[in-house]
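One letter stands for each residue in the lines below.
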Amino acid sequence: MNNLLTDSFELPRRESSRDGGDLEMGIHQPDASDNLQAFLKKVDAIDSLIAKLTSLFTKLQSANEESKAVTKASAMKAIKQRMEKDIDEVGKIARMAKTKLDELDKDNLSNRKKPGCEEDSAVDRSREQTTGAVKKKLKKRMDDFQVLRESIRQEYREVVERRVFTVTGNRPDEETIDDLIETGRSEQIFKDAVHQQGRGQILDTVAEIQERHDAVRDLERKLLELQQVILFSFAQALIQFIL
């Protein structure tokens, strides 16, 4: 994270008095590097949380890809449970990161009271630029989770369409797909296929579609709640900044 500062910040040089009075008085005047050490540790802690979010995002992507090939309700349920657990963990980590960012903002304001760190000083600009970069990084990662939410919904539609075609031999119209996505109920669609392929096989497909419907509904809800919480937090921070 230290490299965020190199392009925009030079450590101010301390001017020593001719008679070395500061040393003789035993007073330690902290320079810019002293001021930034604790700040950068806090930035690194937030970066570590964002790295955990990245790891969880990758896990969710992999689980979503795995779900496309699943044809059993039990397997779909297991994947759903894993993804829900990971999304809950995302929420906890994202809130922790946002809380630490809020604390960083407060520290930046408080730091302006120190000599040489006043508003628009080199130290202050560097702290603000670094804090802004971390905020953008967190927001971008949270935006990625919402892109995943849209992908899950779209891919669910495609999977359901393929299931119906595989069982019935007919491509369902948009209205039929919309109804399946909304309700998860597919018994009526497959009633003719029951006589041709046997009730057991069709019931497996019906159960898998219902489980997939429930999984997508619950995952979408959790991801949407996550987005709302984070956006609300950023909006609050913006309002406080304006005021």
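All values reported here derive from a predicted model rather than from experimental measurement.

### Observations concerning the overall build of the protein
- Looking only at helices and strands, the protein has seven helices and zero strands in total.
- The secondary structure elements of the protein, listed N-terminal to C-terminal, are α-α-α-α-α-α-α.
- Approximately 14900 Å² of the protein is accessible, and the part contributed by carbon and sulfur atoms is 50%.

### Comments concerning helix H4 (residues 122-168)
- Under the 1.5 Å per step criterion, the end-to-end length of H4 is 70 Å for 47 residues, consistent within 8% with the ideal 69 Å.
- Taken from the residues just after H4, Gly-169 is the one with a positive phi, measuring 80°.

### Overview of a negative patch on the surface
- On the surface, a cluster of negative charge is contributed by Asp-173, Glu-175, Asp-179 and Glu-182.
- Mapped onto the secondary structure, Asp-173 falls in the loop between H4 and helix H5 (174-183).
- Under the relative-accessibility criterion, Asp-173 is labelled partly exposed at 43%.

### A short note on H5
- Taken together, the buried positions of H5 are Ile-177, Leu-180, Ile-181 and Thr-183.
- In the segment just after H5, Gly-184 is the residue with positive phi, at about 80°.

### Concerning the nonpolar core
- One finds Leu-60, Met-83, Val-90, Leu-138, Met-142, Phe-145 and Phe-190 to be the most contacted residues of the largest nonpolar core, which totals 48 residues.
- For this core, the secondary structure elements donating two or more residues are helix H2 (32-68), helix H3 (73-111), H4, H5 and helix H7 (199-242).
- Among the elements that make up this core, the one with the highest residue count is H2 (12 residues).
- Look past the residues within four positions of Phe-145 in its chain and what remains in contact with it is Leu-53, Phe-57, Leu-60, Val-90 and Leu-223.

Thresholds, definitions, all that
Residues numbered from 1 in each chain as written. Predicted model: local features only at pLDDT ≥ 70, side-chain atom pairs only at ≥ 80, totals over all residues. Heavy atoms only, no water. Helix = DSSP H or I, 4+ residues; strand = E, 2+ residues; numbered from the N terminus. Areas by Shrake-Rupley, 256 points an atom, 1.4 Å probe, with all protein chains shown as cover. Expected span 1.5 Å × (residues − 1). Patch = residues over 30% accessible without salt bridge, like charges linked within 9 Å, V, L, I, M, F, W, Y side chains within 5 Å. Salt bridge = Lys/Arg side-chain N within 4 Å of Asp/Glu carboxyl O. Lys, Arg positive; Asp, Glu negative; His and termini not counted. Charge placed at Lys NZ, Arg CZ, Asp CG, Glu CD. Buried < 20%, exposed > 50% of the residue type's maximum accessible area, 1.4 Å probe, protein only. Core = buried A, V, L, I, M, F, W, Y, C linked by side-chain atoms within 4.5 Å. Contact = heavy atoms within 4.5 Å.

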